Amino acid sequence: MQSSLVSFIQVLRSHEVRVSPAETLDAVDVASTLGYTDRALLRDGLAMTLAKTPEEEAIFLQCFDDFFGLDLANYALPSDTTSPGQASDANTEYPTEGTDAAAATATGNDPEPHFETLSKAAEESPALSALMQSSLMHNLLHNDRNAMAMAMGQAAREAGLADMQMFTQKGQFTRRMLDALGEQHIRDAVVELEQSGNPALPLVQRYRDVLREQVRDYVEREYLLHAEGRSRQFMDDILSGVRLNNIEHVYLHKVQELIRKMARKLASRHSPRRRRQKRGQLNMPRTLRRGIANDGVMFDLHWRRARKEKPQILAVCDVSGSVAAYAKFLLLFLYSLQDVLPKVRSFAFSSHLGEVSNYFEDYSVEEAIELINRKYGGATDYGSSLLDFASLAMDDINSNTTVIVLGDARNNHGEPRLDLLQSIYQRSKQLIWLNPESRRSWGSGDSEMLRYQSACHFSAECNNLKQLERIIDQLLKSTR
Amino acid sequence: MKPEDFPQLASVQQIEQGFESHGYICSRKIATAVFLAFQLRKPILVEGPPGVGKTELAKTTALLLGTPLIRLQCYEGLDEAKALYEWKYGKQLLYTQVLKEKLGDLLQGAKGLAESVQRLHQFGDIFYSEDFLEPRPLLKAMQQEKGAILLIDEIDKSDYEFESLLLEILSDYQISIPEIGTVKARTTPMVFLTSNNTRDISDALKRRCLHLYIPFPTVGLEERIIRSRVPNVDERLRHQLVEFVHSLRQLDLKKAPAISETIDWARSLLLLHADQLETELVRSTLNVLLKFEEDIQSTEANLGNMVRECRKESASGETG
């Protein structure tokens, strides 16, 4: 049982529930304390040690049902099961086990008449008689679920099913499993019976179809358990390298998940540091003054309180057609970092500019971004947008402010108002310009990027998630 | 705490019954968590929305076991001097003043500074001994002879450093005091940590705990809770009011009403001698359930329908 607990934990890990070895030990303790008799109790108990958030708990419950619910094909229904592990576990969920088993045997194929028909047919067909000799057909005919379950497990090992990586491999592995089970005999018999026009043909075909279906289900389940996590990991890797505006619409929600994951990673990397820096030094004058009352003994120490700086981030995003997709991801990232980042104020512009921070208070990040796109989208005018920004926020920009501008700097040949950007540059702690275009095309055509760049502390190309993550990582370092 | 001393916690069913006798109706899962925590000597990290009975769980466990409940309320800036121990500076100072005169006697006949210091060394660190130690909740819980329930409330409000401070206590049930050494728990206390999820708890802390998430209860469970807490409410009203609260939780509210609010509301309805929900009655008592003006306003628009819905359901429930 312990080994099946360990392989269950493997499954959890492939579904992105992080389980440490210590937690595995805890899980073993829990299982031995609670015993294996009450399925629901065991499930709740294991959930408490293995799942650490409500989301993980949902994944856990799903995996638990999938994994321990494996009653291998419907061959492996309860009865006098002697096979160890999953099958017997699965049964405990149903208190009506006895009636289930009874029903199963009642509806199950009564082997005798089929057996007779087939034996008769086998006299005329050597392939069928060979098939009748095989243990596979024997098990099928007698509906021997335990033996089938064992054979299935054996075939899975031979086919190397646990190495399955991608969903495209399902067919291939199904075939390998069937071969390992000895389906060849059935196929031979079918061919031969077809040629001789034997009446036993449909019966054999039915057995073949049942077998194939079971194997397919088995492979499908194994895929969901083991390989799905791997192929998701693969997907994530690809997505984080793709240009953000090339990402297909169907993958958008995946990207959002990915961003949240990255944000969590960055948050946990940066949060403790901020706290440490807040610690003060010894405030000698006050300590001395306090000591006077105690005859000059300075046991009551007073610490200089760290000046509470309020770093502030202003995000200014171009939401015109060409850049909107990137703005969306930047904002999503920034707002996913609420826990560690200081207060973020966001502004959106294309022809004019407005503050959009309150959208994020009232709506979820996705909805807010949709609304903003609708309200501010249009032809870009950097000059007037910068003017708007200056009148809205210039007074709030001081040496603790980080301003992030996201835009392609394509100004449709309008007045760039570089002077405004320069004054922002002088007042702020840092001004970062993120441009989704590649560095080579900066300054070409109507792009004012080279001029704007001169008034930035830092400018960078930013068009996929990896770059975005790196930049925000730097940002977090520098705002502390 | 040794399992044999506390037959109340011998099995999950017994815990459930024990809690019920103290007026705490819990789901099977909660009872399982308490059982496991007790058997495996692990702390429980209880998470869930405010007002679902997280703190109450610790209190009831203390009642059930008849052990003292030691509570540490967390807040930003909580540090070891307030959570673990503090030296009794005043007492130390007083004693030094009083003993000053003794100093002359002690050092009599000593030649030179070196010899005087030598003599002083013989006395050891009398001022940093257990007598001068002021135990704070965590240390106090370790010192209890017969075990205790330690409740570390709203851990998410504390700082990250404080979490790290807890790690030693939670995994080994001991506290290191530099001046004295390691203080081991006389009897392992049972520890409950609660969190409202305002920030993520560090993995190191989570790993040491059993993780219990208490969601809002199901209708059936909540009715049982009301029956136990406000026994005088009649069955029809109880069903209606619980249904109503559940339909409120479906709405997008700033703060959904929790069990404690349901109980308060049931009490208020009882005081008003209501025997079933009426729209006007609900409107005038809505402020017991909802704590934000926006929530009340957004709910009031649809109040009539919601009340009618609940009454219909309870009626069909009775006939069916």
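Residues numbered from 1 in each chain as written. Chains lettered and ligands numbered in written order. Predicted model: local features only at pLDDT ≥ 70, side-chain atom pairs only at ≥ 80, totals over all residues.

**Let's talk about the sheet that holds strand E2 (residues 69–73) of chain B**
All names here are of chain B. Taken together, the 5 strands give an open sheet; going across it, the order is E2-E5-E8-E1-E9, and neighbouring strands pair in parallel fashion. This sheet does not close on itself; its edge strands, each paired only once, are E2 and strand E9 (210–213). In this sheet, neighbouring strand axes are inclined to one another by 20° on average, regardless of whether the strands run parallel or antiparallel. Summarising the sheet, strand E1 (residues 44–47) and E9 pair through 4 bridges and their orientation is parallel. If you follow Glu 47 over to E9, its bridge partner there is Tyr 213. (Pairing = 2+ DSSP bridges. Helix = DSSP H or I, 4+ residues; strand = E, 2+ residues; numbered from the N terminus. Axes fitted to C-alpha atoms, helices over the stretch in contact; angles between N-to-C directions.)

**A look at the sheet that holds strand E3 (residues 353–355) of chain A**
Residues and elements named next belong to chain A. Reading across from one edge, E3-E2-E1-E4-E5-E6 is the order of the 6 strands in this open sheet, with mixed pairing throughout. Only two strands of the sheet have a single neighbouring strand rather than two, namely E3 and strand E6 (458–461). This sheet shows a mean twist of 20° between the axes of neighbouring strands, independent of strand direction. Where strand E4 (residues 401–406) meets strand E5 (residues 430–435), 5 bridges bridge the pair, whose relative direction is parallel. Paired with Ile 404 across the strands is Ile 432, a residue of E5.

**Brief notes about the interface of chain B and chain A**
On the chain A side, the residues contacting the 20 residues of chain B number 23 residues. At the level of secondary structure, the elements contributing two or more residues to the side of chain B that touches chain A comprise helix H2 (28–40), helix H5 (89–107), helix H8 (160–172), helix H9 (203–208) and E9 of chain B. Sort the elements by how many residues they give to the side of chain B that touches chain A and H2(B) lands first, with 7 residues. In the side of chain B that touches chain A, the residues fall into 10 nonpolar, 3 polar and 7 charged. (Contact = placed C-beta atoms within 7 Å. Nonpolar A, V, L, I, M, F, W, Y, C, P; charged D, E, K, R; others polar.)

**A few points about unusual backbone geometry**
Phi at A:Arg417 takes a positive value of approximately 55°, unusual for a residue other than glycine. Note that A:Arg417 resides in the loop between E4 and helix H20 (418–427). Even without glycine at this site, B:His273 takes up a positive phi of about 55°. Here B:His273 lies in the loop between helix H12 (259–271) and helix H13 (279–289).

**Concerning the packing of helix H10 (residues 219–229) of chain B against helix H11 (residues 235–250) of chain B**
Residues and elements named next belong to chain B. Two elements in contact, H10 and H11, have axes whose closest approach is 10 Å; the angle formed by their N-to-C orientations is 130°. Overall, the two elements H10 and H11 adopt an arrangement that is oblique. Here H10 and H11 pass one another in a crossing that is right-handed. Of the residues in H11, those touching H10 at Val 219, Glu 222, Glu 223, Ile 226 and Arg 227 are Arg 238, His 239, Val 242, Glu 243 and His 246. When the residues that make up the contact of H10 with H11 are grouped by side-chain class, the tally is 3 nonpolar, 2 polar and 5 charged. (Parallel < 35°, antiparallel > 145°, perpendicular 65-115°, else oblique. Left-handed = near helix turned anticlockwise from the far one by under 90°.)

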